[in-house]
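Chain by chain, the residues run as shown.
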Amino acid sequence: DAGITQSPRHKVTETGTPVTLRCHQTENHRYMYWYRQDPGHGLRLIHYSYGVKDTDKGEVSDGYSVSRSKTEDFLLTLESATSSQTSVYFCAIRGSIGDTEAFFGQGTRLTVV
Amino acid sequence: AQSVTQLDSQVPVFEEAPVELRCNYSSSVSVYLFWYVQYPNQGLQLLLKYLSGSTLVKGINGFEAEFNKSQTSFHLRKPSVHISDTAEYFCAVSESGYNKLIFGAGTRLAVHP
């Protein structure tokens, strides 16, 4: 299995609080992605990174920010959590663009109450 | 912009019957295509991928897919399914030279005895 660790695996938080999810990889892959998975929507891309300090927005980036200060870590922050951000969040890594597969973490289940 | 449409949200099928899960994509450039599988409470794992060359691609667990450029489709097939194939299946597209990996909404395959 690819070395990807997401933390925490489960979290319950209150509306309006900040939340940070962490994705850690040991593969030295250049590309890292954050997705959210919701019934009927599949996986939707939130943000992605193509190198240290290089990030870009995905399909559903509103309300989320990311940071990548080291190759191995990609952080997803919800500045002020809302109930609509209750979801399962997946991190993925990829060695190069285009023809290589993405490897996924086990997911973080976030509940905003 | 690239997009992926999975035409069936749920596919029920009896054990040992054949199955086809349909996927259409939209893109103005060359693409790489992927099928992923997600078992309950797990992350995603790659079933197969199309990069170039032969339009018929074989993957793990007896699955195969056919790339049809004129119809912009990448349908997944298996001639005889097992109970253990019950899972959610995702089609994904990546445009040549671009970072994003975009997923469809998923198809839930339910295999009944």
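Data block above holds the structure.
Because the structure is a prediction, the values reported are computed rather than measured. (Residues numbered from 1 in each chain as written. Chains lettered and ligands numbered in written order. Predicted model: local features only at pLDDT ≥ 70, side-chain atom pairs only at ≥ 80, totals over all residues. Heavy atoms only, no water.)

A. Inspection of the pairing of strand β8 (residues 73-78) of chain A at higher detail. Residues and elements named next belong to chain A. With five of its six residues buried, β8 lies for the most part within the structure. Note that strand β3 (residues 19-25) and β8 share six bridges and pair antiparallel. Bridging across to β8, Cys 23 finds its partner in Phe 74. Alignment of strand β7 (residues 64-70) against β8, held across five bridges, turns out to be antiparallel. Its bridge partner lying in β8, Tyr 64 is registered against Leu 78. Count of turn residues in the β7/β8 antiparallel hairpin: two residues. (Buried < 20%, exposed > 50% of the residue type's maximum accessible area, 1.4 Å probe, protein only. Helix = DSSP H or I, 4+ residues; strand = E, 2+ residues; numbered from the N terminus. Pairing = 2+ DSSP bridges.)

B. Fine view of the interface of chain A and chain B. With 25 residues of chain A at the interface, the matching set in chain B holds 23 residues. Together chain A and chain B conceal approximately 1800 Å² of surface at their shared face, both sides included; 56% is due to carbon and sulfur atoms. On the surface where chain A and chain B come into contact, there are zero salt bridges. On the surface where chain A and chain B come into contact, there are five residue pairs in polar contact (both at pLDDT 80 or more). Contributing elements (two or more residues each) for the side of chain A that touches chain B: β4 (31-38), β5 (42-51) and β9 (87-94) of chain A. Ranked by the residues each element gives to the side of chain A that touches chain B, the list is headed by β5 of chain A, at five residues. Here the side of chain A that touches chain B is composed, by residue class, of eleven nonpolar, eight polar and six charged. (Contact = heavy atoms within 4.5 Å. Buried area = accessible area lost by both parts, 1.4 Å probe. Salt bridge = Lys/Arg side-chain N within 4 Å of Asp/Glu carboxyl O. Polar contact = N/O pair within 3.5 Å; in protein donor to acceptor, adjacent residues only side chain to side chain. Nonpolar A, V, L, I, M, F, W, Y, C, P; charged D, E, K, R; others polar.)

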